[in-house]
Amino acid sequence: MLHRFSRLLLSFCLLVSWLALVASAQEAGPSLSREERLKLFTRVWQAINDRYYDPNFNGVDWRRLKSQYQPKVELARNNAELYSWLRRMVGELGDAHTRIYAPEEGFDRYRPAGTSVGLAVQRVEGRLVVVWVEPGSEAARQGIRPGYVLLSVNHTPVEELLARLRSEIVASSSPTAFDQQSLNQLFAGPRDTALALTFIDDEGRSRTIELKRRFTEFPRRVLWRRLPHDLGYIDFNGFGPEIERDFAHAVRALQDTRGLILDLRRNGGGFVRTVVQVASYFLPEGTELGEFISRTGRSTRQRTQRLRLSYRGPLVVLVSTRSASGAEMLTAALQENRRAFVIGTHPFTCGCLLGVSRTLPLPDGGKLNVSDTDYRTAQGRRIEGSGIKPDQVLELRISDLLSGRDRPLEAAVKHLLSKNE
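Residues numbered from 1 in each chain as written. Predicted model: local features only at pLDDT ≥ 70, side-chain atom pairs only at ≥ 80, totals over all residues. Heavy atoms only, no water.

Visitor: Got a minute to help me understand empty space enclosed by the protein in this structure?
Guide: Take a probe with the size of a water molecule and roll it over the atoms, and the empty space left behind shows itself. With the rule as written, the count across this model stands at 1 cavity of 30 Å³ or more. Space inside the largest cavity adds up to approximately 30 Å³. For the lining of the largest cavity, a count of residues per class yields 2 nonpolar, no polar and 3 charged. (1 Å grid on protein atoms, 1.4 Å probe; cavity = no way out; pocket = protein on both sides within 12 Å on 5 of 7 lines; lining within 4 Å. Points joined across faces, edges and corners; volume = space filled by probe spheres on them. Nonpolar A, V, L, I, M, F, W, Y, C, P; charged D, E, K, R; others polar.)

Put into C-alpha cells, the structure is as follows:
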C-alpha cells in the first residue's frame, strides 16, 4: 500500500512539473526557428550598433560580442534561453537603460506593468529586507511586513540566487544600479506561478509562505497630503503624461504650506517632458536643466517652462537607490540651483541617467530600448555611473521598518521647520 501511494505521489509530482513546463512554454510562446533567432539577434545587434549614444560602446568591443554571442543564439533550445543570451550581450554594455524585453513581459513605456509578488526588498544593514508591501496584496494578507528578512526563494539561499542573477545581468550603469537590477529579478518568472519565500519575522522566527507571481500594472500616480506644522508632502512614482494633471492639483492644494517634501524614493523616472514640467513649478522660467547629447554631438537643452502655478516655499527631496533617471534629473536640477535640500537613504542614487527616445519593436513581439543620448546637468555633471550624493544620508534600519518609523521623513520635517524659525 505504501509503495502504491509513493508511486501515485511520484506520478502526481511529475504531472505537476509537466504542467508547469507546459504553462511556462505557453507563456513564452512557440520556440523560434534557427532563422528567426538569427533574424532577431541581428536586429538587436544592429539597432544598438546604429543608435547607441557612445560610438565606443562604453569600452566594449561590440563587433567581437556579435561573433561571441551569435553561436549561442543559434544553439538556444527555447525562447527563454534565447532571451537569456540576448540579455547577457546587451548587459555587457553596463547600461541600465539599454534593455531587451521578451514578448511575454508585455513591456509598454506608457503603461508600466510586470509580474509581481506584492513586495520589494532592499539591502538593509547587510541583509535582504522587505521595505515595501503592496496594500491589499496576497503578501499583505499573509501578514508580511516591512522589516522581515528574506532568507530564501524556492528554498535557494537568497545570496546564492543573487550571485546567479548577477552573472546573467553581467553589468549595469553603476554598482548601485547593478545591485538594484539583481534585486528586481529576485521574484521574476512566468505569471501565475508560485514562489516559496522564507523570511525571519518580527519575532525572530523563520516563516515560509507561498506567493504567486501576478501580472500587475504599476500606474504612475501622485499621492499628496498636509502634514502637521502646515507642511506639504507629495509622493509620486514616475514621470508621465498621466501624472501631470494630478501633480498640478497637488501643488495647487499645497501652495500655501510653509514647506514642501517631494518623495522620489520609489521614482524610477519616465518622460523628460514631464520632468521639465515638474521642475517648472519650483524654478524660474528659462532655468537650464541640462542637456541630452547624441552620438554625433547634437545637444538638446532642457529649460523650465512658464506655468501659471508655482511654489516658492522651501523644499526637501527624499531619494533612495530606486531614485533613477528622471528622478535624478529633477533632483540634480533642484540641488544645483540650491532650491532643495536632498535627504537620502544611501550614499548615492541609482546613477542611471541616459536618454531613450523610443522603444523598438522586435520581429517576435519583444521590445528593445537603446540609450541614444547621454545627459549632462547645467553644471556639466554626468549622473550616469555616479548618481547624486544627498546633502544628508540616513541609512535604513530594520528596527525602523518594523516599527513603521520613517526617519528620512522626520528629518525632512525638521529641516523645513528650521527654515521657518
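Past the structure itself, the notes keep going.
Visitor: Help me out: how do you make sense of the sheet that holds strand β10 (residues 222–227) in this one?
Guide: Backbone hydrogen bonds hold the strands of a sheet together, and the pairing may be parallel or antiparallel. Reading across the sheet, the 6 strands line up as β10-β11-β12-β15-β16-β20 and stay open at both edges, with mixed pairing between neighbours. Of all strands in the sheet, those with a lone pairing partner are β10 and β20 (392–393), marking the two edges. (Pairing = 2+ DSSP bridges. Helix = DSSP H or I, 4+ residues; strand = E, 2+ residues; numbered from the N terminus.)

Visitor: I'm lost on the sheet that holds strand β17 (residues 359–361) in this one. Help?
Guide: Spatial ordering of the open sheet is given by β1-β18-β17, a layout of 3 strands whose pairing is antiparallel. Of all the strands in the sheet, the pair left with one neighbour each is β1 (99–101) and β17. Averaged over all pairs of adjacent strands, the angle between strand axes in this sheet comes to 20 degrees, irrespective of strand direction. Across 3 bridges, β17 lies against strand β18 (residues 367–369) in antiparallel orientation. Residue pairing across strands places leucine 360 opposite leucine 368, the latter belonging to β18. (Axes fitted to C-alpha atoms, helices over the stretch in contact; angles between N-to-C directions.)

Visitor: Sorry, what's going on with the environment of leucine 75 here?
Guide: Along the chain, leucine 75 turns up in the loop between α3 (62–74) and α4 (79–91). C-alpha separation for the pair leucine 75 and threonine 208, spaced 133 residues apart in sequence, amounts to 38 Å. Not counting the four nearest positions on each side in its chain, leucine 75 is found in contact with Arg37 and Glu81. (Contact = heavy atoms within 4.5 Å.)

Visitor: Quick question: what am I supposed to make of the pairing of strand β11 (residues 231–236) here?
Guide: Regular strands have side chains that alternate between both faces of the sheet. Taking burial as the measure, the 6 residues of β11 include 6 buried ones, the bulk of the element. Strand direction decides the pairing type here: β10 and β11, joined by 6 bridges, are antiparallel. Note that in β11 the partner of valine 222 across the bridge is phenylalanine 236. Hairpin geometry of β10 and β11 is characterised by an intervening segment of 3 residues between the two adjacent antiparallel strands and by a positive phi of about 70 degrees at histidine 229. Bridge analysis of β11 against strand β12 (residues 260–263) gives 4 bridges, and the strand direction is parallel. Bridge pairing links aspartate 235 to aspartate 263 in β12. Handedness of the β11-helix α8 (residues 241–253)-β12 crossover: right-handed. (Buried < 20%, exposed > 50% of the residue type's maximum accessible area, 1.4 Å probe, protein only. Right-handed = clockwise from strand over helix to strand, strands pointing away.)

Visitor: What should I look at first to understand the pattern of salt bridges in this one?
Guide: Charged atoms that come close allow side chains of opposite charge to pair. In this structure the tally under the stated criterion is 27 salt bridges. A salt bridge links arginine 123 to glutamate 159; the nearest nitrogen and oxygen atoms lie 3.0 Å apart. Of the two residues, arginine 123 is situated in strand β3 (residues 119–124) and glutamate 159 in helix α6 (residues 158–169); the sequence distance between them amounts to 36 residues. On the basis of relative accessibility, which here comes to 26%, the residue arginine 123 falls in the partly exposed class. Look at glutamate 159 and you get partly exposed, because its relative accessible area is 38%. Two residues, aspartate 230 and arginine 226, come together in a salt bridge whose shortest N-O distance is 3.0 Å. Here the residues in one salt-bridge network are Asp201, Glu203 and Arg205, joined through shared partners. (Salt bridge = Lys/Arg side-chain N within 4 Å of Asp/Glu carboxyl O.)

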